[in-house]
Amino acid sequence: MLKITSKQLEVTALIRERIEGRLEKLSRHDIQLINPHVIITQEKQLFKIEASVGLPSGDLFAQAKSENLYAAITAMGQKLEKQLNRLTHKPQAQRHVSLPNDTESEFEYVYKEETAA
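Residues numbered from 1 in each chain as written. Predicted model: local features only at pLDDT ≥ 70, side-chain atom pairs only at ≥ 80, totals over all residues. Heavy atoms only, no water.

Going by what an unreviewed UniProt entry lists, the protein is known as Ribosome-associated translation inhibitor RaiA and is assigned to Shewanella livingstonensis. The annotation that UniProt attaches to the protein under Sequence similarities (unreviewed entry) is "Belongs to the HPF/YfiA ribosome-associated protein family. YfiA subfamily." (UniProt positions renumbered as here; feature names shortened; annotations may be inferred.)

Set out below in structure tokens:
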């Protein structure tokens, strides 16, 4: 159940649809989203959007600011997607595997003796 909180702004149906659409893109990773909560605040000319989403393996948090509300929603969604993508593909990243030291066997050095005539 998505919870959207706003202090200085009324959450319209269009804003709710846009936020739900951004969070639906997270469901492509087949991970259950636990209590997603989005907070919208307006600071002078800027809109600030914060989102926290619980996952079975941890939490995601993203924050974005923009003069355009919908641009801030998009930026926040992209940050969440990036975090979730990094989290889901972490086991496949093989950073701990080093290259073999048998590089000498791959390259043969052919010594040619040139004689001066």
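**Points about the pattern of salt bridges**
Considering all chains together, one arrives at 4 salt bridges under this definition. What emerges from the salt-bridge pattern is a single network uniting Arg22, Arg28 and Glu81. (Salt bridge = Lys/Arg side-chain N within 4 Å of Asp/Glu carboxyl O.)

**Here we look at helix 2 (residues 69-88)**
When the terminal C-alpha atoms of helix 2 are compared, their 29 Å separation across 20 residues agrees well with the 28 Å that a helix rising 1.5 Å per residue should span. Taken as a whole, helix 2 has its buried residues at Leu69, Ala72, Ile73, Met76, Gly77, Leu80 and Leu84. Projected onto a plane normal to the axis of helix 2, the buried residues spread over an arc of 135 degrees and lie on a single side. Within helix 2, the exposed residues directed more than 90 degrees away from the buried face are Lys82 and Arg86. (Helix = DSSP H or I, 4+ residues; strand = E, 2+ residues; numbered from the N terminus. Expected span 1.5 Å × (residues − 1). Buried < 20%, exposed > 50% of the residue type's maximum accessible area, 1.4 Å probe, protein only. Arc of directions from axis to C-beta.)

**Things to note about the pairing of strand 4 (residues 58-66)**
Alignment of strand 3 (residues 46-55) against strand 4, held across 9 bridges, turns out to be antiparallel. The partner of Leu55 across the bridge, within strand 4, is Gly58. Here strand 3 hands over to strand 4 after 2 residues, the two strands then running antiparallel side by side. (Pairing = 2+ DSSP bridges.)

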